[in-house]
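Coordinates in review
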Amino acid sequence: MSEAFLVQEAGAANTAAPASGARLFWRRLRAQRAATAAAAVVLLLVLVALAAPLLSALAGQDPNTYHPDLVDSAAGGVPIGSFGGISADHWLGVEPQTGRDLFARIVHGARVSLGVAVVATVLQIAIGLAIGLAAALGSRWVDQILSRITDINVALPIMVIALALLAIVPDTFPRPVLIALVIGGINWAGTSKIVRAQALTLKSLDFVSAARLSGRGKWSIARRELLPALAAPVITYAALMFPTNIIVEAALSFLGVGIKPPTPSWGQMLTEADTWYQAAPTYLLLPAGLLFVTVLALTVLGEGIRTALDPRAASRLRIGTGRKEAKDSGADTAAKKSEEDRA
């Protein structure tokens, strides 16, 4: 994650103000059509991931059952039939060479990909929140040490470290859990920077000073005063980090150090599909399209959450339109005034 991205997100978080209540937040979120549509897509994907065993059983298929009779071995394992072997029994076709049902593997892959992203995001927020608060509330030396550790973490090549860690861990360790721990344990610096900057600002406010004068300790103040005020920027940043973690998991699986076969995941399916994009394009397009839709929906939903928590910040999609409308309105006013002067 680049330093510029962190600075941009920190600035957005620092301007955020907590909404006056859950009802007001949901009303603001529902007022944004794009965010509502994105939330519906995300909810559908979550339901599909949770109901993956039920859906595959409904289709009468298993994600790891081979069907060698459904592929043409003489042609190198290409699925028999049009559109990758789509039929009444195999709704999305079958996998080249193995003949495994694509629908069953995709719905089970959604469970793995989304589950890894959820665990990694929660871990990132927990570590970043703890280190950011410790830096803001600790002594000057504690702040300097933790800030330098955070800066080092930002400068580290995350993908290279993740590749190294995943390569040396034995295969007996559950791979989805390991990937979530690696992503969450490495990529927490953005949350830490945002929390530290926001907490330093909140420390100078009157309600925190009053709590300090009442004799309460630092961590009591952090729990009762700072954490509620930090909810808005932290939730916003988590919503933006979630799609990033999905992409990281897919990239690691694509590079061959992520989810190991036969466990399905969208990134692992892309790894196997890169040689079949001409003979069986649906095998590549299905997981790639689902990844694109998921990341797009989560990004739009994250933008909607940011706007709902901070109603003063106009949506990025409306900034240019607002300026254009103001410009057009000014031009119309000038034209009317010119006509009146001529009259």
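Residues numbered from 1 in each chain as written. Predicted model: local features only at pLDDT ≥ 70, side-chain atom pairs only at ≥ 80, totals over all residues. Heavy atoms only, no water.

Observations concerning the pattern of salt bridges
Going through the model one piece at a time under the given rule, you end up with six salt bridges. A salt bridge links Arg100 to Glu95, with the nearest nitrogen and oxygen atoms 2.7 Å apart. We note that Arg100, like Glu95, is buried. Here Asp143 ties to Arg196 by a salt bridge, and the two come within 2.8 Å at their closest N and O atoms. One end of the pair, Asp143, is in helix H6 (residues 140–155); the other, Arg196, is in helix H9 (residues 189–203), with 53 residues separating them in the sequence. For Asp143, a relative accessible area of 13% gives the class buried. Its relative accessible area of 27% is what places Arg196 among the partly exposed residues. Taken together, the shared-partner salt bridges in this structure form one network comprising Glu95, Arg100 and Arg105. (Salt bridge = Lys/Arg side-chain N within 4 Å of Asp/Glu carboxyl O. Buried < 20%, exposed > 50% of the residue type's maximum accessible area, 1.4 Å probe, protein only. Helix = DSSP H or I, 4+ residues; strand = E, 2+ residues; numbered from the N terminus.)

Here we look at helix H5 (residues 102–137)
Count 3.6 residues to each turn of an α-helix, and residues three or four apart come out pointing the same way. The end-to-end C-alpha distance of H5 is 52 Å, a good match for the 52 Å that 36 residues give at a rise of 1.5 Å each. Judged by how many residues are buried, H5 sits mostly within the fold: 26 of 36 residues are covered. Near the N-terminus of H5, the side chain that reaches the backbone nitrogen of Phe103, with its oxygen 3.3 Å away, is that of Asp101. (Expected span 1.5 Å × (residues − 1). Polar contact = N/O pair within 3.5 Å; in protein donor to acceptor, adjacent residues only side chain to side chain.)

Side note on the nonpolar core
Counting 32 residues, the largest nonpolar core has Ile246, Trp266, Tyr283 and Ile305 as its most contacted members. Of all the secondary structure elements, the ones that give two or more residues to this core are helix H2 (22–30), helix H3 (33–50), H5, helix H11 (218–254), helix H12 (266–273) and helix H13 (281–309). It is H13 that provides the largest number of residues to this core, a total of eight residues. If we skip the residues at most four places from it in the chain, Trp266 touches Leu45, Ile106, Gly109, Ala110, Ser113, Pro287, Leu290, Leu291 and Thr294. (Core = buried A, V, L, I, M, F, W, Y, C linked by side-chain atoms within 4.5 Å. Contact = heavy atoms within 4.5 Å.)

Points about the packing of aromatic side chains
The tally for this structure, following the rule as stated, stands at two aromatic pairs. With 5.2 Å between their ring centres and 65° between their planes, Phe25 and Trp26 make a pair best called edge-to-face. Note on Phe25: relative accessible area 14%, which makes it buried. Ring geometry for Trp91 versus Phe103: centroids 5.0 Å apart, planes at 55°, classification tilted. Residue Trp91 is found in the loop between strand E2 (78–79) and H5, and its partner Phe103 is found in helix H5; the two are separated by 12 residues along the sequence. For Phe103, a relative accessible area of 13% translates into the label buried. In this arrangement the basic side chain of Arg140 is found over the ring face of Trp141, its NZ or CZ atom lying 5.1 Å from the centre. (Phe/Tyr/Trp six-rings, centres within 6.5 Å; stacked < 30°, edge-to-face > 60°. Lys NZ or Arg CZ within 6 Å of the ring centre and 35° of its normal.)

Notes on the confidence of the model for the protein chain
Residues at a pLDDT of 70 or more form 84% of the protein chain, whose mean pLDDT is 80. Per-element confidence in the protein chain ranges from a low mean pLDDT of 44 for helix H1 (residues 3–14) to a high of 93 for H3. pLDDT under 50 marks residues 1–20. Its contacts with residues more than four places away, or in other chains, come to 40 contacts. For residues 314–326, every residue scores under 50 in pLDDT, and the model assigns this stretch eight contacts once sequence neighbours within four places are set aside. (pLDDT = per-residue confidence, 0-100.)

Describing a nonpolar patch on the surface
Residues Val41, Phe292, Val293 and Leu296 make up a contiguous nonpolar surface patch of roughly 350 Å² in combined accessible area. When residues in the nonpolar patch are grouped by element, the largest group, three residues, is from H13. For Val293, the position within the fold is in helix H13. In this structure Val293 comes out as partly exposed when scored by relative accessible area, which is 39%. (Patch = residues over 30% accessible without salt bridge, like charges linked within 9 Å, V, L, I, M, F, W, Y side chains within 5 Å. Areas by Shrake-Rupley, 256 points an atom, 1.4 Å probe, with all protein chains shown as cover.)

Topic: the packing of H9 against H11
Across the interface, H9 lies against H11 with an axial gap of 10 Å and an inter-helix angle of 145°. Relative to H11, H9 is oriented so that their crossing is right-handed. Contact with H9, carried on its side by Gly190, Thr191, Ile194, Val195, Gln198, Ala199 and Leu202, involves Leu226, Ala229, Leu230, Pro233, Val234 and Tyr237 of H11 and no other residues of that element. (Axes fitted to C-alpha atoms, helices over the stretch in contact; angles between N-to-C directions. Left-handed = near helix turned anticlockwise from the far one by under 90°.)

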